[in-house]
Amino acid sequence: MLNKVTESAIDAMSHINDGATILIGGFGLAGQPAELIDALIERNAKDLTIVSNNAGNGETGLALLLKSGCVRKIICSFPRQHDSYIFDDLYRSGKIELEVVPQGTLAARMQAGGSGLGAIYTPTAYGTLLAEGKETRTIDGVNYVLEYPIKADFALIKAFQGDRWGNLTYRKAARNFGPIMAAASKHTIAQVSEVVELGALDPEHIITPGIFVHEVVCIEGDK
Amino acid sequence: MLNKVTESAIDAMSHINDGATILIGGFGLAGQPAELIDALIERNAKDLTIVSNNAGNGETGLALLLKSGCVRKIICSFPRQHDSYIFDDLYRSGKIELEVVPQGTLAARMQAGGSGLGAIYTPTAYGTLLAEGKETRTIDGVNYVLEYPIKADFALIKAFQGDRWGNLTYRKAARNFGPIMAAASKHTIAQVSEVVELGALDPEHIITPGIFVHEVVCIEGDK
Amino acid sequence: MSNYTPRSVDEIAKCVAQDIEEGMYVNLGIGQPTKVADFLPKDKDIFLHSENGVLGMGPAPEEADRDGDLINAGKQYITLLKGGSYFHHGDSFAMIRGGHIDLCVLGAFEVAKNGDIANWFLGRPKDIPAVGGAMDLAVGAKKVYVIMDHVSKNGEPKIVESLNLPITGEKCVNRIYTDLAVIDITEQGLVVREMVDGLTFDELQSKTGATLRQP
Amino acid sequence: MSNYTPRSVDEIAKCVAQDIEEGMYVNLGIGQPTKVADFLPKDKDIFLHSENGVLGMGPAPEEADRDGDLINAGKQYITLLKGGSYFHHGDSFAMIRGGHIDLCVLGAFEVAKNGDIANWFLGRPKDIPAVGGAMDLAVGAKKVYVIMDHVSKNGEPKIVESLNLPITGEKCVNRIYTDLAVIDITEQGLVVREMVDGLTFDELQSKTGATLRQP
């Protein structure tokens with residue numbers, strides 16, 4: 001009997017080593033796997049590359065991870081927020097590397113990674129600073145930028161319900177990057193609010209099939 | 001009040017003109033929009049290009065469409081089946097043009113079309129007859145073929161439930177190409193077994209959001 | 001000087017709302033464009049898209065009904081209308097990049113006469129670049145409308161011959177709504193559709209960095 | 001000639017099934033490979049994927065329970081296990097092409113010593129090309145096992161120095177299960193893991209179009 005449910009968030013971090021590339025779900029705080037991030041901070045792996053839409057808020061979750069000094073580089077679309085002062089300070093003092101990627105290109109690059117494509121031509125960012133030095137091509141009169149896949153060693157995501165095969169559902173707009181990050185990483189760890197019996201999730205309603213998920217951690221009391 | 005529900009399959013075909021490219025859902029008979037295809041035959045538009053996984057079975061649906069003489073070219077992954085004799089005869093007598101595309105490349109090209117990418121590098125078919133004359137590239141030691149998007153004027157698909165905003169659910173493995181065809185066409189016509197009230201479909205369970213659907217036709221008595 | 005009153009933020013939003021038709025799929029950018037939602041006709045089905053995976057956005061909830069999992073791209077609490085749906089970021093940007101969004105309304109620092117838009121980065125030494133979905137929306141939506149003040153706080157024109165600031169997207173703006181006028185960007189150049197009462201064409205031209213045309 | 005009995009179709013399928021471990025995501029190709037499912041241990045969780053959008057395929061249903069919307073890639077009626085799921089073709093081939101399928105078992109016309117496989121098209125004048133998911137599976141699955149007869153009906157070797165038939169995928173086969181032997185394709189060449197009782201290595205070599213090695 002296969003059981004992907006891992007007892008604690010700390011246990012789930014045991015494979016994460018220095019230098020890993022980690023996708024972290026969430027759009028702002030919605031869908032951010034806060035408890036997994038706390039465990040990652042405790043794990044204290046160094047020199048990480050983090051891919052996430054934002055660069056943290058206040059002093060929790062992703063912001064706290066940055067503050068811990070574990071992160072060498074962050075790839076994101078929108079680091080600057082009203083309460084992203086931890087990132088702001090690290091960036092301005094040259095203590096963290098930043099790669100800004102348009103949000104849709106971030107998604108498309110992860111989808112390319114998850115689905116085995118070698119590269120994609122996207123119209124987004126053509127002619128802008130974010131396409132500088134990148135290969136371009138005009139196809140049917142439209143200008144495109146060549147973008148390469150993002151693949152990662154790990155993904156930490158937040159889902160709603162999960163089962164022992166790793167099937168997941170999400171809650172409202174907390175779904176955001178979860179499903180595409182799960183597919184783009186070699187080892188996906190999902191925190192869920194509830195672990196349900198196998199078969200309790202309707203096969204029509206499963207958003208992330210278990211094939212993309214390697215560990216499921218139940219966070220008690222989480223919504 | 002916007003209502004995408006069209007009274008009859010025949011009415012839904014009124015925009016289809018000679019020379020159109022039409023995506024037709026289904027994998028074998030599962031998910032094949034048989035009643036929409038019947039209406040398309042009645043519409044009698046000529047010189048059509050059809051994109052579908054197969055090339056029809058027996059003397060119904062897609063096979064009947066081919067028999068009607070409306071189709072100039074078919075793009076598919078698996079035309080040959082034990083009961084695809086209508087296609088087989090047309091092909092052998094030179095009356096229909098065939099482009100064979102690997103099934104995953106067919107899906108990926110439609111996804112590229114639906115999501116606005118200009119081209120993709122896929123590893124599938126590298127070094128084979130189906131990549132002859134195509135541009136290739138080696139990325140990180142893997143060989144890829146450059147493939148261009150498939151975009152269509154129309155998609156005819158079969159879903160399960162639909163509402164007046166065009167939101168759709170599917171039934172089991174009849175989902176297959178439906179969602180990606182809906183996104184890759186300018187005008188998507190979905191036949192459904194049931195039209196439900198707006199709000200009856202759980203927003204977490206909608207597989208194809210209405211933005212990708214332009215007309216919904218209810219086929220009474222259909223499963 | 002003639003006697004005219006610039007439009008308020010709400011009045012501009014109202015102008016945009018009047019130009020949105022039933023059945024349109026619309027993405028309202030962060031900031032001023034978000035206000036357009038308040039002036040959409042309640043009796044028409046207009047579909048608001050938020051790039052974080054929501055279609056069919058409804059008005060802000062009562063404080064008691066706020067849900068941290070139901071926010072818009074500006075991280076404000078929202079609601080979902082009956083018939084709305086949730087989806088992941090891949091599908092959401094397929095909607096945008098794939099040309100399924102009929103209209104996107106964006107704020108801007110500058111718009112050039114050819115439709116180039118700058119709205120993501122001022123590029124000063126201390127600025128931190130952050131683009132979000134701006135570049136995807138600029139190139140992907142079927143139409144892009146811009147809401148902005150006609151001139152900057154220093155009185156500099158924001159409609160210009162060519163951009164001074166880092167570009168977001170090339171030739172993508174179709175119409176500009178400012179506190180003074182509504183201007184279409186056409187093959188023939190900048191065409192003034194409408195001005196606030198009391199403003200003369202010459203005055204508008206004097207506040208604009210590129211040649212305007214009367215319709 | 002020594003005295004040996006070639007393996008039956010079922011016996012070959014059983015050999016493959018024994019090599020599949022708990023927790024593996026497996027795609028069984030159309031035809032003979034489908035039979036492997038019958039010999040998988042019932043007490044282990046092994047996940048069968050079908051490219052038409054099904055994960056967690058169960059055994060064939062009773063006739064009364066057949067459902068036209070629940071078929072496998074070979075268009076046979078199937079069932080879904082508890083914990084199974086449905087998804088669209090885009091996601092299904094992301095699983096395949098993206099390297100998420102641990103093992104794919106395919107039939108083949110020919111396999112070359114470097115792992116090239118031909119299994120989609122004989123290329124004769126009257127043949128209609130039809131590829132289905134074969135090329136995606138060949139390049140995408142982490143491991144590809146082939147089930148085939150050791151020689152053709154005419155007695156020609158099907159394991160060859162280089163392919164005579166149109167290729168499906170380059171250097172992708174890891175192991176071949178025939179009615180006579182199990183052969184690994186390694187950096188060092190074709191390594192015989194196992195043969196049917198009574199068959200000598202020299203006899204097996206004589207029926208094989210490329211040099212074999214003993215382990």
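Position numbers for residues count from 1 along each chain, tracking the sequence in the order it is written. The lettering of chains begins at A and the numbering of ligands begins at 1, in the order of writing. Only residues with pLDDT of at least 70 get local features here, since the model is predicted, and only at 80 or more are side-chain atom pairs given and counted; chain-wide, interface and lining totals rely on the full set of residues. To get the side-chain values, all heavy atoms of the structure are used, and hydrogens and water are removed first.

Below, the discussion takes up the interface of chain C and chain A. Counting residues at the interface gives 34 residues for chain C and 44 residues for chain A. A quick way to say it: buried area is the sum, across both parts, of accessible area lost when two parts are put together, with a 1.4 Å probe. Between chain C and chain A the total buried area reaches about 3,200 Å² when both faces are included, carbon and sulfur atoms providing 62% of it. For the chain C face of the interface with chain A, the top three residues by lost area are Asp69, His89 and Ile128 of chain C, together amounting to 23%. In the sections that follow, a salt bridge refers to a side-chain nitrogen of Lys or Arg positioned within 4 Å of a carboxyl oxygen of Asp or Glu. Counting the contacts that link chain C with chain A gives three salt bridges. Residues Asp69 of chain C and Arg171 of chain A are paired through a salt bridge, measuring 2.9 Å at the closest nitrogen-oxygen approach. By the criterion applied in these results, polar contacts are pairs of N or O atoms within 3.5 Å in which, for protein atoms, one can donate a hydrogen and the other can accept it, and in which residues neighboring in sequence qualify only through two side-chain atoms. For the interface between chain C and chain A, the tally reads 16 residue pairs in polar contact (both at pLDDT 80 or more). A contact between two residues is defined here by any heavy atoms of the two lying within 4.5 Å.

On to the packing of aromatic side chains. For Phe, Tyr and Trp, where Trp contributes only its six-membered ring, two rings pair if their centres lie within 6.5 Å, and the inter-plane angle classes them as stacked under 30 degrees, edge-to-face over 60, or tilted in between. Across all of its chains, the model carries eleven aromatic pairs over all chains by this definition. Between Phe87 of chain B and Tyr91 of chain B, the ring centres sit 5.6 Å apart and the planes meet at 20°, which makes this aromatic pair stacked. Of this pair, Phe87 of chain B and Tyr91 of chain B are both found in helix H4 (residues 85-92), four residues apart, which corresponds to roughly one turn of the helix. Between Tyr25 of chain D and Phe47 of chain D, the ring centres sit 4.4 Å apart and the planes meet at 15°, which makes this aromatic pair stacked. With Tyr25 of chain D in strand E1 (residues 25-28) and Phe47 of chain D in strand E2 (residues 47-50), the pair connects residues that are 22 residues apart, well separated along the chain. Only protein chains enter the accessibility calculation, which uses a 1.4 Å probe; a residue is then buried when its area is under 20% of its type maximum, exposed when over 50%, and partly exposed in between. Take Tyr25 of chain D: its relative accessible area is 5%, and that puts it in the buried class. When its relative accessible area of 2% is taken as the criterion, Phe47 of chain D is described as buried. By the ring-pair criterion, three or more aromatic residues cluster together here, those being Trp165 of chain A together with Tyr25 and Phe47 of chain D. We note Lys75 of chain D situated over the ring of Phe27 of chain B; from NZ or CZ to the ring centre the distance is 4.3 Å. We count a stretch as a helix when DSSP gives it H or I for four or more residues in a row; a strand needs E for two or more, and each element gets its number in order from the N terminus. Charge-over-ring contacts are defined here by two conditions on Lys NZ or Arg CZ: a distance within 6 Å of the ring centre and an angle within 35 degrees of the ring normal.

The next point concerns the confidence of the model for chain C. Known as pLDDT, the predictor's confidence for each residue is given on a scale from 0 to 100. Mean pLDDT for chain C: 97, with 100% of residues reaching 70 or above. Scored as a whole, the predicted complex attains pTM 0.98, and scored at its interfaces, ipTM 0.98.

What follows covers the pairing of strand E9 (residues 152-158) of chain A. All names here are of chain A. A large share of E9 lies buried, amounting to six of its seven residues. Two strands pair under a simple rule: DSSP has to find at least two bridges between them. Of the strand pairs in this sheet, strand E2 (residues 21-24) and E9 are connected by three bridges, and their pairing is parallel. Residue pairing across strands places Ile22 opposite Phe154, the latter belonging to E9. Pairing of E9 with strand E11 (residues 185-192), which is carried by six bridges, proceeds in the parallel orientation. Paired with Ala152 across the bridge in E11 is Ser185.

On the side of chain D, 21 residues touch chain A, which itself brings 21 residues to the contact. Surface buried jointly by chain A and chain D totals about 1,800 Å² across both partners, of which 64% is contributed by carbon and sulfur atoms. Run the count over chain A and chain D and you get one salt bridge. With a closest N to O distance of 2.8 Å, Arg164 of chain A and Asp45 of chain D form a salt bridge. At the junction of chain A and chain D, the tally comes to eleven residue pairs in polar contact (both at pLDDT 80 or more).

Below, the discussion takes up the state of the cysteines. Residues and elements named next belong to chain C. Cysteine sulfur atoms are paired as a disulfide whenever they come within 2.5 Å of each other. This structure, assessed with the given rule, holds zero disulfides over all chains. Looking at Cys15, it has no disulfide partner, and the nearest cysteine sulfur is the one in Cys104, 18 Å off. Residue class for Cys15 comes out buried when judged on its relative accessible area of 14%. Cys172 provides the cysteine sulfur closest to Cys104, a residue in no disulfide bond, and the two sulfurs are 9.2 Å apart. Overall, the relative accessible area of 0% leaves Cys104 in the buried class.

As a further point, take the pairing of strand E5 (residues 97-100) of chain B. Here E5 of chain B shows one buried face, formed by Leu98 and Val100 of chain B, and one open face, formed by Glu97 and Glu99 of chain B. Every crossover in which the path from the first strand over the helix to the second runs clockwise, viewed with the strands pointing away from the viewer, is termed right-handed. With H4 of chain B bridging strand E4 (residues 71-76) of chain B and the parallel E5 of chain B, this β-α-β connection has right-handed handedness.

With that settled, the discussion passes to the sheet that holds strand E6 (residues 119-122) of chain A. Two strands in a sheet stick together by hydrogen bonds in their backbones, pointing the same way (parallel) or opposite ways (antiparallel). Taking strand neighbours across the sheet as the criterion, the six strands line up as E7(A)-E8(A)-E6(A)-E6(B)-E8(B)-E7(B) in an open arrangement whose pairing is antiparallel. For this open sheet the edge positions go to strand E7 (136-139) of chain A together with strand E7 (136-139) of chain B, each flanked by a neighbour on one side alone. The mean angle between the axes of side-by-side strands here comes to 25°, regardless of whether they run parallel or antiparallel. Bridge analysis of strand E6 (residues 119-122) of chain B against strand E8 (residues 142-147) of chain B gives three bridges, and the strand direction is antiparallel. Considered in E8 of chain B, the bridge of Thr122 of chain B is made with Val145 of chain B. Note on method: axes are straight lines fitted to C-alpha atoms, helices fitted across the in-contact stretch only, with angles between N-to-C directions ranging 0 to 180 degrees.

All names here are of chain A. As summarised here, the arrangement of the eight strands in space is E1-E13-E11-E9-E2-E3-E4-E5, forming an open sheet in which the pairing is parallel. The open sheet is flanked by strand E1 (5-6) and strand E5 (97-100), the only strands paired with a single partner. In the sheet, strand E4 (residues 71-76) pairs with E5 via four bridges, with the strands oriented parallel. Considered in E5, the bridge of Lys73 is made with Glu97. Contacts between helix H2 (residues 34-43) and the sheet are confined to E2, strand E3 (48-51), E9, E11 and strand E13 (215-218), with E11 contributing the most and set at about 120° to the helix.

All names here are of chain A. Burial in helix H4 (residues 85-92) covers these residues: Ile86, Phe87, Asp88 and Leu90. Elements that come into contact with the buried residues of H4 comprise helix H3 (61-67), E4 and E5. Positive backbone phi, at 70°, marks Gly94, one or two positions downstream of H4.

Attention now moves to the packing of helix H5 (residues 103-115) of chain B against helix H2 (residues 89-97) of chain D. For the pair H5 of chain B and H2 of chain D, interaxial distance at closest approach is 9 Å and the crossing angle is 125°. Considering the angle they form, H5 of chain B stands oblique to H2 of chain D. For the pair H5 of chain B and H2 of chain D, the crossing hand works out as left-handed. The segment H5 of chain B lies against H2 of chain D, with Gln103, Gly104, Thr105, Ala107, Ala108 and Gln111 of chain B engaging His89, Gly90, Phe93 and Arg97 of chain D. Considering only residue class, the contact of H5 of chain B with H2 of chain D consists of three nonpolar, six polar and one charged. Angular relationships are summarised with four words: roughly parallel below 35 degrees, roughly antiparallel beyond 145, roughly perpendicular across 65 to 115, and oblique for the angles in between. Should the near helix be turned anticlockwise from the far one by less than a right angle, the crossing is termed left-handed; should it be turned clockwise, right-handed. Amino acid classes used here: Ala, Val, Leu, Ile, Met, Phe, Trp, Tyr, Cys and Pro are nonpolar; Asp, Glu, Lys and Arg are charged; the rest, including Gly, are polar.

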